[in-house]
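Chain and residue survey
Chain by chain, the residues run as shown.
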Amino acid sequence: MADEKLYIGEQQDKFNQTSSEYLHVNSCGIQRTMGAPYRVIRKNGRVDYHILYIVTGECRACYGDKIYVLSPGGFVFYEPGHKQDYQFGKGIDTTSFWVHFHGTGAPSAVADCGISPGPHLRAKNSSAEHFFQLMVKTFYPGGKIFKTRLNGLLLMLLSELGEAKKQAAILDKIAEAVSFIHLNYYLPIDINMLAKMSNLSRSRFLHVFKEQMGTSPLQYQQRFKMEKAKELLSVGSLSVSQVSAMVGFDDPFYFSRAFKNCVGMPPSAFRKAHGEK
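Residues numbered from 1 in each chain as written. Predicted model: local features only at pLDDT ≥ 70, side-chain atom pairs only at ≥ 80, totals over all residues. Heavy atoms only, no water.

1. With respect to the sheet that holds strand β4 (residues 49–56)
How we decide: At least two bridges found by DSSP between two strands is the condition for calling them paired. Secondary structure is summarised from DSSP: a helix means a run of H or I of at least four residues, a strand means a run of E of at least two, and numbering begins at the N terminus for each. A fitted line through C-alpha atoms represents every axis, and for helices the fit uses only the stretch in contact; the resulting angles, taken between N-to-C directions, go from 0 to 180 degrees. The contact definition used throughout considers only heavy atoms, calling two residues in contact when any of these lie within 4.5 Å.
With respect to topology, five strands assemble into an open sheet ordered β2-β9-β4-β7-β10, the strand pairing being antiparallel. Bordering the open sheet on either side are β2 (24–32) and β10 (118–120), each of which pairs with just one other strand. Adjacent strand axes in the sheet meet at a mean angle of 15°, parallel and antiparallel pairs treated alike. Relative to strand β9 (residues 95–102), β4 runs antiparallel, the two sharing seven bridges. Residue pairing in the sheet places L52 in a bridge with W98 of β9. Packed onto the sheet, helix α4 (residues 144–183) meets β2, β4, β7 (75–78), β9 and β10 and runs at close to 65° relative to β2.

2. Examining the environment of V40
Tracing the backbone shows V40 in strand β3 (residues 38–42). The spatial distance from the C-alpha of V40 to the C-alpha of G9 is 7.1 Å, given a sequence separation of 31 residues. The contacts of V40, once residues within four sequence positions are left out, are Y7, Q84, D85 and Y86.

3. Some words on helix α6 (residues 202–213)
The following threshold applies: By definition here, a helix of n residues has an expected span of 1.5 Å times n minus one. Three labels apply to residues, based on accessible area from a 1.4 Å probe with only protein chains included: buried if under 20% of the type maximum, exposed if over 50%, partly exposed otherwise in between. Here the arc refers to the set of directions running from the helix axis out to each C-beta atom.
Compared with the 16 Å implied by 1.5 Å per residue over twelve residues, the 16 Å span of α6 between its first and last C-alpha is a close match. Those residues of α6 that sit buried are F205, V208 and F209. Along the axis of α6, the buried positions cluster into a sector of 100°, meaning they face one direction only. Away from the buried face of α6 by more than 90 degrees, exposed residues S203 and E211 are located.

4. Considerations on the side chain of H120
Rules: Residues adjacent in sequence count toward polar contacts only when both atoms are side-chain atoms; beyond that, a polar contact is any pair of N or O atoms within 3.5 Å, and within protein one must be able to donate a hydrogen and the other to accept it.
By secondary structure assignment, the location of H120 is in strand β10. Among the residues examined, H120 registers a relative accessible area of 8% and is labelled buried. At 2.7 Å, the side chain of H120 forms a polar contact with the backbone oxygen of S116. Once you skip the residues sitting within four places of it in the chain, H120 turns out to touch L70, G73, G74, F75, I115 and K165.

This is how it looks when you write it as structure tokens:
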């Protein structure tokens, strides 16, 4: 891109250094592109650790052989020596936080928080953004007290990012459970199996599912069955008994009662009102 600003790390980086201290923040900051295209390339990476977190807008990060689109809440974590290549597109006003750090305790701190190298596409966390802001404010005054505070904020930031990553993984598992229900709505639901599939205990799975979906798995499946029944009753010439069996009810009378409780009218009345003319 002709008007794209190119930043070559090997030529322009400052404060790119290792540290024998437990933790040391080399630099941190906030950047807003105002829609101007901007690309950063570090063919040999840096000697320290680097986290780039997207607050608004979009960033395309090349990691390995793939390009990942980081939206708000997404971040990429680079270990020392790993090639860095990311860019902000033209016309997209992107705001991002970044931090470079090192230290003898950095590897264990990162590992303890469960942050793996590479892109993390969904980890939005208001607390993490708050700690980024505090780090930027704390970095520039300097001094021993500020340095200690900065290290504490870095640890809190890593903890929040790790927790956000963990929660995102759990939500992905709930999405898989919902997809499974959609595909197998006509079969009896096995809560223990869904919980195991989500790598959660039964009680934790039920809690997270209701928190995200607003209802229990059994109630969600029942509502989904009724939506499918409404579709079948609206088209074709299937009998109520046939529709009942197709959506997983052995007893058509029980199906009719459940349908009326959910929709507000019995299946026969729904077909008359909404069926093909």
